[in-house]
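# A structural walkthrough
Now for the letters of each chain:
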Amino acid sequence: IYEKAEFTKGFAEQGCSNKKEIKNKVQDKVRSVQNNTSEYKKFYKWLFIHVKEDEKKKSVPTELAIQLWGLVFKKYEKNMKLLPLWLEYCASVQDKDMKVISKDVWEQIFDFLQETQSVDTYDDCGGAWPVAVDEFMEWCDENNKK
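## A look at the pattern of salt bridges
Enumeration over the complete set of coordinates arrives at 6 salt bridges. Put simply, Asp-111 and Lys-41 hold a salt bridge, and the shortest N to O gap is 2.7 Å. Of this pair, Asp-111 sits in helix 6 (residues 103-115) while Lys-41 sits in helix 3 (residues 37-51), and the two are 70 residues apart along the sequence. Between Glu-77 and Lys-74 there is a salt bridge, with its nearest N and O atoms 3.7 Å apart. Residue Lys-74 is classed as exposed on the basis of its relative accessible area, which comes to 52%.

Shown next, in the form of structure tokens:
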């Protein structure tokens, strides 16, 4: 959350001096992010930093991450076939094994969900995915989630 001074200074630096200019600047940014996957990924990474409860924390509560993933991945739903299962898995373990989501998991889950279209096509990339992804895939196998 931004302080009022940060908010006004930021928009002033963008050349905005009234509500209409602020609205136009925000709409331009939203359009540029929505139509460009690399810009969207930057926004996604930025989001993690800004939703942490405390600046010093290195994770976000799983419950919050689940809600955010449902929103930020909405436009990618058709390409992220495992998203519903990932959200179900996270909900099932949020009070036990995965109470928080690390920055590493947050950042890599975007790529994982885009690259992996089914449980059967999962490639562990030589162990490059976070442990949470391996545990998710085990959960899928154990619960016959295909």
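## Quick look at helix 7 (residues 131-142)
Helix length check: helix 7, at 12 residues, gives a terminal C-alpha distance of 16 Å against a target of 16 Å (1.5 Å per residue), a fit within 8%. Burial in helix 7 covers these residues: Ala-132, Val-133, Phe-136, Met-137, Trp-139 and Cys-140. Taken around the axis of helix 7, the buried residues stretch over an arc of 155°, which confines them to a single face. Relative to its buried face, helix 7 has exposed residues pointing more than 90 degrees away, namely Val-131 and Glu-142. Check the buried side of helix 7 and you find it contacts helix 5 (83-93) and helix 6. Positive phi appears at Asn-144, one or two residues downstream of helix 7, with a value of about 50°.

## Some points on a negative patch on the surface
Negative charge collects at one region of the surface, where Asp-97, Glu-135, Glu-138 and Glu-142 lie side by side. With respect to the helices and strands, Glu-142 occurs in helix 7. Glu-142 sits in the exposed class, given a relative accessible area of 63%.

## Description of the packing of aromatic side chains
The final tally for this structure, using the stated rule, is 19 aromatic pairs. With a centroid separation of 6.0 Å and an interplanar angle of 25°, the aromatic rings of Phe-43 and Trp-46 are classed as stacked. You can see Phe-43 and its partner Trp-46 sitting in helix 3, 3 residues apart, about one turn around the helix. By relative accessible area, Phe-43 is classed as partly exposed at 28%. Ring plane angle 80° and centroid distance 5.4 Å describe the contact between Phe-112 and Trp-129, whose orientation is recorded as edge-to-face. Residue Phe-112 is located in helix 6, and its partner Trp-129 is located in the loop between helix 6 and helix 7; the two are separated by 17 residues in the primary sequence.

Thresholds, definitions, all that
Residues numbered from 1 in each chain as written. Predicted model: local features only at pLDDT ≥ 70, side-chain atom pairs only at ≥ 80, totals over all residues. Heavy atoms only, no water. Salt bridge = Lys/Arg side-chain N within 4 Å of Asp/Glu carboxyl O. Helix = DSSP H or I, 4+ residues; strand = E, 2+ residues; numbered from the N terminus. Buried < 20%, exposed > 50% of the residue type's maximum accessible area, 1.4 Å probe, protein only. Expected span 1.5 Å × (residues − 1). Arc of directions from axis to C-beta. Contact = heavy atoms within 4.5 Å. Patch = residues over 30% accessible without salt bridge, like charges linked within 9 Å, V, L, I, M, F, W, Y side chains within 5 Å. Areas by Shrake-Rupley, 256 points an atom, 1.4 Å probe, with all protein chains shown as cover. Lys, Arg positive; Asp, Glu negative; His and termini not counted. Charge placed at Lys NZ, Arg CZ, Asp CG, Glu CD. Phe/Tyr/Trp six-rings, centres within 6.5 Å; stacked < 30°, edge-to-face > 60°.

Bear in mind that shape data such as this cannot, by itself, settle questions of function.
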